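These are the residues of each chain, in order.
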Amino acid sequence: MTATPAARINLFDLDRRDLEGFFTSLGEKPFRAVQLMKWIYHEGITDFAAMSNLSKVLRERLAAIAEIRPPEVVLDQASQDGSHKWLIRLDSGNCIETVFIPETDRGTLCVSSQIGCPLDCSFCATAQQGFNRNLSVAEIIGQVWQASRLLGDRRNGDRRITNIVLMGMGEPLLNFANVVKATDLMQDDLGFGISKRRVTLSTAGVVPALYRLREVSEISLAVSLHAPNDELRNELVPINRKYPIAELLAACRHYIADKPHRRITWEYVLIDGVNDSEQHARALAALIRDIPSKVNLIPFNPFPGTRYRRSPTEAIARFQAVLMAHDLTTVTRKTRGDDIAAACGQLAGQVQARGHRPVHPLRSTS
Ligand code: SAH
């Protein structure tokens, strides 16, 4: 990280440690990072000139070498049920989507981690867009900053965003370093101050990255399982061919080992006639029997061109009943934001796809 006049550094890209290093490199006290983060994340201020507890000289110096630039919101769609979907424009015509879902006891913000996705799950709209690139830290934390501003959240007042899930576009564990920094900023008291249990990363199962995640983060984990056997999961979630179910479960056990009260949330999309029988439910229950678990059933959300259909309501109820008979905490995710196509797997944004890349998790998570 260099702070030369030629390169204006976007301070949204820096977490607390980076910012302290940045100020030290300017010959300033690391404490400046605290002041700056309060302005950015507590006051919502991005104009150096307004930062009254910094000297005029420092403010001018910062303006010359740095910027605080969030990604640009180009469309704010509000659903009748109170959900929001924001279209956020990045470089060269690429757009990503961020969704807010209010419920009685909480408000969940769903953020994206990549432009498109390279994983090619057969039932997901984002997969059809192909993959362009990883989001920067600024583009990930900037989604939270923009949503918080547009919802009118105040640090010391009512806050509508109480939970954040990395369940938007992209596979977060394929953008490891940036995702970890951004989630640190979500949890940092000087950032958005959201408790670690209320920040959840959802993954299709990039096994080596799961082991690394445990070393550097304490965020909650949701895993897109969607099938109780390798044959079916290979078809629905192709990364399973590289990291089959047994390896994925071992990594999940390890992630919560020696962490009392932590559990894995399993996401399971219910697709008519594909993975929604009572046999599938029994096999799923057997698979996760010895892992502290919660199951999130997601009725399949259709999108143009898909060959799949949502399971009928009765099939969903039967599936859930089998899991509950096995003492598994199970909820069926309500479909929200239907009128604005904001539901799981419907986020498509606008991706200038570079085509479907082969998956190289080890290389691209570094
Ligand atoms: N790549 C990560 C993050 C995406 S999270 C992951 O796979 O977990 C989005 C969640 O919505 C995942 O559980 C995904 O499997 C699910 N999903 C994708 N397409 C869907 C669809 N059409 N209907 C319902 N859920 C879907």
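Student: Which parts of the structure should I look at to understand helix 5 (residues 137-150)?
Tutor: Taking 1.5 Å per residue, 14 residues should reach 20 Å; helix 5 reaches 20 Å between its end C-alpha atoms and fits that length. Of the positions making up helix 5, those classed as buried are Val137, Ala138, Glu139, Ile140, Ile141, Gly142, Gln143, Val144, Trp145, Gln146, Ala147 and Ser148. Looking one or two places after helix 5, you find Gly152, whose phi comes out positive at around 75 degrees.

Student: Teacher, can you tell me more about helix 3 (residues 56-65) here?
Tutor: One full turn of an α-helix is made of 3.6 residues, so residues set three or four places apart face in the same direction. Taken as a whole, helix 3 has its buried residues at Leu58, Leu62 and Ile65. Taken end-on, helix 3 shows its buried residues confined to a sector of 80 degrees, consistent with a single buried face. Turned more than 90 degrees away from the buried face of helix 3, the exposed residues are Lys56 and Val57. Of the surrounding secondary structure, the elements contacted by the buried residues of helix 3 are strand 1 (9-10), helix 1 (16-25), helix 2 (32-42) and strand 2 (66-67).

Student: What's the story with the packing of aromatic side chains in this structure? I'm lost.
Tutor: For any pair of aromatic rings, the description consists of the separation of the ring centres together with the inter-plane angle of the planes. Applying the stated rule across the entire model yields seven aromatic pairs. Centre to centre, the rings of Phe12 and Trp145 are 5.7 Å apart; their planes meet at 70 degrees, and the pair counts as edge-to-face. Placement of Phe12 in the loop between strand 1 and helix 1 and of Trp145 in helix 5 is noted, with a sequence separation of 133 residues between them. For Trp145, a relative accessible area of 6% puts it in the buried group. Through a chain of ring-to-ring contacts, three or more aromatic side chains come together here, namely Phe12, Tyr41, Trp145 and Phe192. The residue whose ring lies beneath Arg212 is Phe176, and the NZ or CZ to ring-centre distance is 4.2 Å.

What counts, and at which threshold
Residues numbered from 1 in each chain as written. Predicted model: local features only at pLDDT ≥ 70, side-chain atom pairs only at ≥ 80, totals over all residues. Heavy atoms only, no water. Helix = DSSP H or I, 4+ residues; strand = E, 2+ residues; numbered from the N terminus. Expected span 1.5 Å × (residues − 1). Buried < 20%, exposed > 50% of the residue type's maximum accessible area, 1.4 Å probe, protein only. Arc of directions from axis to C-beta. Contact = heavy atoms within 4.5 Å. Phe/Tyr/Trp six-rings, centres within 6.5 Å; stacked < 30°, edge-to-face > 60°. Lys NZ or Arg CZ within 6 Å of the ring centre and 35° of its normal.

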